[in-house]
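Residues per chain, in single letters:
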Amino acid sequence: MSEEGKAPVVAEAHLVDTFHPPQKMLEKHPSKPHIGSIEEYQQLYKQSITEPEKFWAQKARELLTWQRDFETVRSGTLANGDVAWFPEGQLNAAYNCVDRHAFKDPNKVAIIYEADEPGEGRNLTYGELLREVSRVSYVLKRMGVRKGDTVAVYLPMIPEALIALLAITRVGAVHSVVFAGFSADSLRDRVIDGQSKVVITSDEGKRGGKLIGTKKIVDDALKQCPDVTGVLVFKRTGADVPFTPGRDLWWHEEVQKWPSYIAPEAMNSEDPLFLLYTSGSTGKPKGVMHTTGGYLLGAAMTGKYVFDIHDGDKYFCGGDVGWITGHTYVVYAPLLLGVSTVVFEGTPAYPNFSRYWDIIDQHDITQFYVAPTALRLLKRAGDDFVKARMPKLRVLGSVGEPIAAEVWKWYFEVVGKEEAHVVDTYWQTETGSNVITPLAGVTPTKPGSASLPFFGIEPAIIDPVSGDEIHGNDVEGVLAFKQPWPSMARTVWGAHKRYMETYLDVYKGYYFTGDGAGRDHEGFYWIRGRVDDVVNVSGHRLSTAEIEAALIEHHAVAESAVVGVADELTGQAVNAFVAINKSVEASDALRKEFILQVRRSIGPFAAPKAVYIVPDLPKTRSGKIMRRILRKILAGEEDQLGDITTLSDPSVVDKIITIVHEAK
Ligand code: 6R9
């Protein structure tokens, strides 16, 4: 540990180290961080909370290009669920991400494509991006896509995914990306719920040397989507895939027919920009809706201040465009700021565990952003794989789940060589962009803490029992926000009531995150994880209810209960308890079938790591499944089950304990 990297231990009471932005990071900086000091952050933060309209109006005009200026900065309230930002303003997302940079410097690299096979990638300049986006915009129009229509995107991580998104926004349509690891059933549900008319996909995908039959999955899904009139197919591998005449079109054939420029559609600031489906604690996935002006401002602001993006930077976010991290930090933040963004098709383990570091080294990457699950995997693989020098790397971001102190330190010392600032960024699909996070080059950090609120975010720790806000420091509770911020989700598609119930009615006047959190004696925030039935596997949000619903579809399943358990590699893992129908026999084959059922119904990433076939589930007399008891049993804490006499049949507990022990 170098002296520059480490400050004296301030947080003595908590025995945690505080790390200041490393001196070497500041030395290799092309100029200096956008914000000069922690005091400057504090002053600006205060302004963003006490004079939010003044603060955001200035930032919105500085970072975005408006076709029509706004008059009102913000209207509506959290309590009413009718928040709007810059309502009279008009702008276009693709114009802001592409045109304005292409006009200034068409030869600047916009996309660095790293294909699955090393060496097979290519670069796309802003000029090329503008031409590609324009041509695809024409194709979409020709396919009948109009302003306000939804277009589903089911693509691997290739430049065409970004081109597709930008073309959709250019014509004023709404993108709804479905992660290309979702099953046909999940895709079908999202296409139907989002009312998508057109789907954009590829013949196949390629990841970690394996092929993924994306077109086939789309074909399966669309058997039950009569409203989809067109499918645009990008040829990625050249595989022989079935084509439905009148519905399917080849991307490469269509784009040739159109000119290389089309004017962007002027959109109202509050027009929807995209839907992104995410798991909640109950029922089917929610189509979280983001609007144009506010979302783009959140992306640009956090790109600029959290990652300290400067002109000429090369930004690499390892997230998939199927998740919010890919939306905001592969596509929007870097392109809004006019820098180069890496689109990485592969995995961190292919062809070996050095892949990320080789990419960073080869392309002189300045900022890298990834989930702790990948870091745990790479840390376990061994330090020998981190041979690359990575001389330009200044910022190392973490996202999606809490990062353990040992992993944080490994990231800082072994990957960053103590020359890069680690930023642990807390946020959600619904928040649109980072909300509690250090600012690179500015905020002192403590491993495991997401540190301090971003501009405009006024956090509150709430007592979950009384519902009252707990003031002061050194407190624990659930995390909520007191003020609306520009990039917050505006609704759940077609289910505004659900939006209100999930986020805004829980504690009136606050936005409820669903996470537990603590605020330490210095005002730093520590995210404790979900307080609802959401499991976080490798940074993927999964709903236990959704997995249970998938299991129930199997004819042998009478009832099931799914819980998340701590897992060394994936953070949490899914474990399922299944009570089977009397007529069937428990067997390993049946357990495999249950796993397959979840893979088929949701996607491979949701598959339970363990399935326990049990005679019955622990239930209260009113029939509520006591998942808490199952969690305790899995954690080996059978002595802490509490009072089980209120169960309808307390004897099942011992039987379940025996089954779990035998399986382990
Ligand atoms: C961006 C993203 C959101 C949930 C969130 C929380 C967890 C995200 C975190 C974190 C601890 C961090 N989470 N970032 N927990 N530290 N830095 O992941 O969005 O997929 O919607 O998940 O992820 O539990 O509520 P999303």
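Residues numbered from 1 in each chain as written. Predicted model: local features only at pLDDT ≥ 70, side-chain atom pairs only at ≥ 80, totals over all residues. Heavy atoms only, no water.

1. Quick look at the packing of aromatic side chains
Overall, the coordinates contain 47 aromatic pairs when judged by the stated rule. Here F179 and F605 contribute two aromatic rings whose centre-to-centre distance is 5.6 Å and whose plane-to-plane angle is 70°, an arrangement assigned as edge-to-face. Residue F179 is found in the loop between β7 (174-177) and α7 (184-193), and its partner F605 is found in the loop between α17 (588-601) and β31 (610-614); the two are separated by 426 residues along the sequence. Like F605, F179 is buried. Ring geometry for W485 and Y511: centres 5.2 Å apart, planes at 85°, overall edge-to-face. In this pair, W485 sits in the loop between β23 (475-481) and β24 (491-492) while Y511 sits in strand β25 (residues 511-519), placing the two residues 26 residues apart along the sequence. What links up through ring pairs into an aromatic cluster is the set Y41, Y45, F55, W56, W66, F70, W85, F86, Y305, F454 and F455. The aromatic ring of W250 is capped on one face by K235, whose charged end is 5.1 Å from the ring centroid. One residue, K446, lies across the ring of F524, its end atom 4.3 Å from the ring centre. (Phe/Tyr/Trp six-rings, centres within 6.5 Å; stacked < 30°, edge-to-face > 60°. Helix = DSSP H or I, 4+ residues; strand = E, 2+ residues; numbered from the N terminus. Buried < 20%, exposed > 50% of the residue type's maximum accessible area, 1.4 Å probe, protein only. Lys NZ or Arg CZ within 6 Å of the ring centre and 35° of its normal.)

2. Describing the site of the ligand
The local shell around the ligand holds 17 residues, among which D424, T429, D515, R530 and R541 are the closest. In this structure, a nitrogen atom belonging to the ligand sits 3.1 Å away from a main-chain N or O atom of G400. Q428 places a polar side-chain atom, nitrogen or oxygen, 3.0 Å from an oxygen atom of the ligand. Notes on the ligand: free accessible area 530 Å², of which the protein chains cover 96%. (Near = heavy atom within 4 Å. Polar contact = N/O pair within 3.5 Å; in protein donor to acceptor, adjacent residues only side chain to side chain. Areas by Shrake-Rupley, 256 points an atom, 1.4 Å probe, with all protein chains shown as cover.)

3. Looking at helix α11 (residues 324-336)
Burial within α11 is extensive, with 13 of its 13 residues counted as buried. Just downstream of α11, G338 is the residue with a positive phi angle, here 70°.

4. What to know about the nonpolar core
The biggest cluster of nonpolar side chains holds 124 residues, and the ones touching the most others in it are L129, Y332 and F455. Setting aside chain neighbours within four positions, we find L129 in contact with V98, A110, I111, L124, I163, L166 and L335. Residues Y154, A221, I580 and A606 belong to the second largest nonpolar core, which totals 41 residues. (Core = buried A, V, L, I, M, F, W, Y, C linked by side-chain atoms within 4.5 Å. Contact = heavy atoms within 4.5 Å.)

5. What about the state of the cysteines?
Applying the stated rule across the entire model yields zero disulfides. This cysteine, C97, is not joined by any disulfide, and C317 carries the nearest cysteine sulfur, 15 Å off. Assessed through its relative accessible area of 0%, C97 is described here as buried. By relative accessible area, which is 1% here, C317 ends up buried. (Disulfide = S-S within 2.5 Å.)

6. What about the sheet that holds strand β26 (residues 525-530)?
Strand order in this open sheet of five strands is β22-β21-β23-β25-β26, and the pairing throughout is antiparallel. The open sheet terminates on both sides in strands that have one partner only, identified here as β22 (469-470) and β26. Bridge count between β23 and β25: six bridges; the pairing is antiparallel. If you follow V475 over to β25, its bridge partner there is R519. (Pairing = 2+ DSSP bridges.)

7. Quick look at the pairing of strand β27 (residues 534-537)
Residues V534 and N536 of β27 are buried on one face, and the alternating residues V535 and V537, pointing to the opposite face, are buried as well. The pairing of β27 with strand β28 (residues 540-543) spans four bridges and is classified as antiparallel. Each bridged residue has a counterpart across the sheet, and for V535 the counterpart in β28 is L542. The turn joining β27 and β28, which pair antiparallel and follow one another in sequence, is formed by two residues; a positive phi near 50° is taken by S538.

8. Focus on the packing of helix α3 (residues 52-63) against helix α10 (residues 292-305)
Contact geometry of α3 with α10 gives a least axis separation of 10 Å together with a crossing angle of 85°. The pairing of α3 with α10 is recorded here as roughly perpendicular in orientation. Contacts between α3 and α10 pair F55, W56, K59, A60, E62 and L63 from the former with L297, A300, M301, K304 and Y305 from the latter. (Axes fitted to C-alpha atoms, helices over the stretch in contact; angles between N-to-C directions. Parallel < 35°, antiparallel > 145°, perpendicular 65-115°, else oblique.)

9. Focus on the confidence of the model for the chain
Overall, the prediction assigns the chain a mean pLDDT of 94, with 97% of residues at 70 or greater. Among the prediction metrics, the complex's ipTM stands at 1.00, with pTM recorded as 0.91. (pLDDT = per-residue confidence, 0-100.)

10. Concerning the side chain of S398
For S398, the location among the structural elements is in strand β19 (residues 395-399). Excluding anything up to four places from it in sequence, S398 contacts Y369, V370, P372, I403, Y411, V423, D424 and T425.

11. Notes on the sheet that holds β24
Taken in spatial order, the eight strands line up as β12-β11-β8-β6-β7-β14-β15-β24 in an open sheet, and their pairing is mixed. Each of the sheet's edge strands pairs with one partner strand only, and the pair in question is β12 (248-250) and β24. Here strand β14 (residues 272-278) runs beside strand β15 (residues 286-291); their pairing, made up of six bridges, is antiparallel. Paired with P272 across the bridge in β15 is T291.

12. With respect to the environment of V133
With respect to the element layout, V133 can be found in helix α5 (residues 126-142). Given the relative accessible area of 0%, V133 is considered buried. Expressed as a C-alpha distance, the spacing of V133 and D69, which sit 64 residues apart in the sequence, is 25 Å. Discounting chain neighbours no more than four positions away, the residues touching V133 are I163, L166, A167 and R170.

13. So, empty space enclosed by the protein
The method is simple in principle: a probe with the dimensions of a water molecule rolls over the atoms, and the space it marks as empty is what remains. A complete count under the given rule lists four cavities of 30 Å³ or more for this structure. W56, S433, W485, P486 and S487 are the residues nearest the centre of the largest cavity, which is lined by 13 residues in total. Element by element, the count of residues in the lining of the largest cavity is highest for α10, at three residues. By residue class, the composition of the lining of the largest cavity is eight nonpolar, five polar and no charged. (1 Å grid on protein atoms, 1.4 Å probe; cavity = no way out; pocket = protein on both sides within 12 Å on 5 of 7 lines; lining within 4 Å. Points joined across faces, edges and corners; volume = space filled by probe spheres on them. Nonpolar A, V, L, I, M, F, W, Y, C, P; charged D, E, K, R; others polar.)

14. Thoughts on the pattern of salt bridges
Applying the stated criterion across every chain yields a total of 44 salt bridges. For the salt bridge of E430 with R541, the shortest nitrogen-to-oxygen distance reads 3.0 Å. With a gap of 111 residues between them, E430 in the loop between β20 (421-425) and β21 (459-462) and R541 in strand β28 connect regions that are remote in the sequence. The two residues E430 and R541 agree in class, both being buried. Taken together, the shared-partner salt bridges in this structure form one network comprising K215, D219, R247 and D248. (Salt bridge = Lys/Arg side-chain N within 4 Å of Asp/Glu carboxyl O.)

15. Some thoughts on the environment of T244
Examined against the element boundaries, T244 turns out to sit in the loop between β11 (230-234) and β12. Between the C-alpha atoms of T244 and P615, which are 371 residues apart in sequence, the distance is 48 Å.

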